[in-house]
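Tertiary structure, described
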Amino acid sequence: MKRNKSQSFADYLTPEIIIQLYKSGIFFMAKDRKDKNVILVDPERRALLPIKNIFYSKSLIRFCKKRPFEITINKSFADVIFNCATIGRTDTWINHLIEKKFIELNKMGFAHSVECWKNNKLVGGIYGISLGSCFFAESMFSKVSNASKFALITLVSRLWKLEYTILDVQFINEHLKQFGVFEISQKKFKQKLSKAL
C-alpha cells in the first residue's frame, strides 16, 4: 500500500490495525492533546501490576470496605476517556484521535471502562483494552479522593476472578508504586503476551 505524502500514519489506524499492534506488544500515544498524529511505542522495559498479589495499604482496605462508590462497567466509556484526558492534567498523551478510536473499540467489545459514581455523578474511572487473558490499562482519573484507586481495585478483582494473567500498565510511575508495580524486559513481556493471547 502506497502512502500519499499528505497522509499520516493516523489515517491508517483502523480498529483492526490497533488490535494487531496491541497483540504485538506495541501501543501508541500522542505528543499532546492537540496533536493530530500518534507515535508507536515499543518500550525496552514494560511495567505490570500483579493481579493475584497486588498490594493494598491497610487504610485503602478500610476505605474500600465502606463501599464509597457505585461501580458500573462500560456505562460511560466515552466520559471516562474524556476525563482521563482532561481532569487534573496540564497536558496529556490522549488526543482526539485516540479518544475516537478507543470509543470505536469499546463499541466493538475490545475496550472497557470501570466507572465510579457518587450521588449519580461520575467521579473516577479507568479504561483499557482486553485481549485474551491480558488487560492493557491505559489511563485513569479521579475527581474525588481515592476514586481512581477504587476503580483500579475493582478492575483487578474482576481480572483475578476471570483468571487473567497480565495487567499491563506500560510505564512505572509514583502512583502505581504503592500497588507493587514491577518491570520486565520487552522480550519477556512479549513471551508472556503470546501465551496470554
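Described below are features of the structure shown in this document.

Thresholds, definitions, all that
Residues numbered from 1 in each chain as written. Predicted model: local features only at pLDDT ≥ 70, side-chain atom pairs only at ≥ 80, totals over all residues. Heavy atoms only, no water. Phe/Tyr/Trp six-rings, centres within 6.5 Å; stacked < 30°, edge-to-face > 60°. Helix = DSSP H or I, 4+ residues; strand = E, 2+ residues; numbered from the N terminus. Buried < 20%, exposed > 50% of the residue type's maximum accessible area, 1.4 Å probe, protein only. Lys NZ or Arg CZ within 6 Å of the ring centre and 35° of its normal. Salt bridge = Lys/Arg side-chain N within 4 Å of Asp/Glu carboxyl O.

Enumeration over the complete set of coordinates arrives at nine aromatic pairs. With a centroid separation of 5.5 Å and an interplanar angle of 80°, the aromatic rings of F102 and Y127 are classed as edge-to-face. Here F102, found in helix α4 (residues 96-107), pairs with Y127, found in strand β6 (residues 121-131); they are 25 residues apart in sequence, far enough to count as distant. Across the pair, Y127 and F102 agree in class, each one buried. Feature note: the residues Y22, F28, F77, F102, Y127 and F136 constitute an aromatic cluster, connected by ring pairs. Over the ring of W117 we find K75, and its NZ or CZ is 4.9 Å from the ring centre.

Of note in this structure, N120 is not a glycine but carries a positive phi near 65°. Residue position: N120 is located in the loop between β5 (111-118) and β6. Backbone geometry at Q170 places phi at a positive 70°, although glycine is not the residue there. Its location among the elements puts Q170 in strand β8 (residues 166-170).

Glancing now at the pattern of salt bridges. As enumerated under the stated definition, the model contains five salt bridges in all. Residue R33 pairs with E99 through a salt bridge whose shortest N-O separation is 2.7 Å. In this pair, R33 sits in the loop between β1 (27-29) and β2 (39-41) while E99 sits in helix α4, placing the two residues 66 residues apart along the sequence. Considered together, R33 and E99 belong to a single accessibility category, that of buried residues. Residues D42 and K190 are paired through a salt bridge, measuring 2.9 Å at the closest nitrogen-oxygen approach. With D42 in the loop between β2 and β3 (45-48) and K190 in helix α7 (residues 186-196), this residue pair connects regions lying 148 residues apart in the sequence. Residue classification places D42 among the partly exposed positions, given a relative accessible area of 32%. The partly exposed category is assigned to K190, whose relative accessible area is 27%.

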